[in-house]
Amino acid sequence: QVQLVESGGGLVQAGGSLRLSCAASGRTFTTYGFNTYTMGWFRQAPGKEREFVASISGVNFATRYADSVKGRFTISRENSKITVYLQMNSLKPEDTAVYYCASYPRGFSTGSPDYWGQGTQVTVSS
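Reading the values: the criteria
- Residues numbered from 1 in each chain as written.
- Predicted model: local features only at pLDDT ≥ 70, side-chain atom pairs only at ≥ 80, totals over all residues.
- Heavy atoms only, no water.
- Disulfide = S-S within 2.5 Å.
- Helix = DSSP H or I, 4+ residues; strand = E, 2+ residues; numbered from the N terminus.
- Buried < 20%, exposed > 50% of the residue type's maximum accessible area, 1.4 Å probe, protein only.
- Phe/Tyr/Trp six-rings, centres within 6.5 Å; stacked < 30°, edge-to-face > 60°.
- Lys NZ or Arg CZ within 6 Å of the ring centre and 35° of its normal.

**Description of the state of the cysteines**
If you walk through the whole model with that rule in mind, you get one disulfide. Each sulfur in the disulfide pair Cys22 and Cys101 lies 2.1 Å from the other. Disulfide Cys22-Cys101: torsion about the S-S bond near -75°, hence left-handed. Here Cys22 is found in strand 3 (residues 18-25), whereas its partner Cys101 is found in strand 9 (residues 97-103), with 79 residues between them in sequence. In terms of burial, Cys22 and Cys101 fall into one category: buried.

**Points about the packing of aromatic side chains**
Tallying each qualifying case throughout the model produces six aromatic pairs. An angle of 65° between the planes, with centres 4.9 Å apart, marks the rings of Phe42 and Trp116 as edge-to-face. Taken together, the residues Phe42 in strand 4 (residues 39-44) and Trp116 in strand 10 (residues 115-116) connect sequence positions 74 residues apart. Residue Phe42 is classed as buried on the basis of its relative accessible area of 8%. We classify Trp116 as partly exposed; its relative accessible area is 33%. Ring pairs connect the aromatic residues Phe42, Phe52, Tyr100, Tyr104 and Trp116, which therefore count as one cluster. Sitting over the face of the ring of Tyr85, Arg19 holds its NZ or CZ atom 4.0 Å from the ring centroid.

Take a look at the structure:
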């Protein structure tokens, strides 16, 4: 019903930038409209639990960020392309993690997403 495919991860030096993309597809988005779903990015570092990074609502593009990334990361979306982005600037070694794209249940902008991508690795060297 929903497929989320991340891309754009890689190895970057501290202070550098990366842009992640998440291409969404599936009958759910076609039926109800991609713009009715809040989308988010999460990450999981080795030995740690998965944590929230950022989210963006579908219609008014309201955004939320984890305190650890505020001012450095920017989430955006292009509803016409059914795509979500995460621009990451001033990267730090502690940003190293697998980054996951996720979609929230329709009508929800917080709580637990119900669909996840396969993840893309981001490694920041010091």
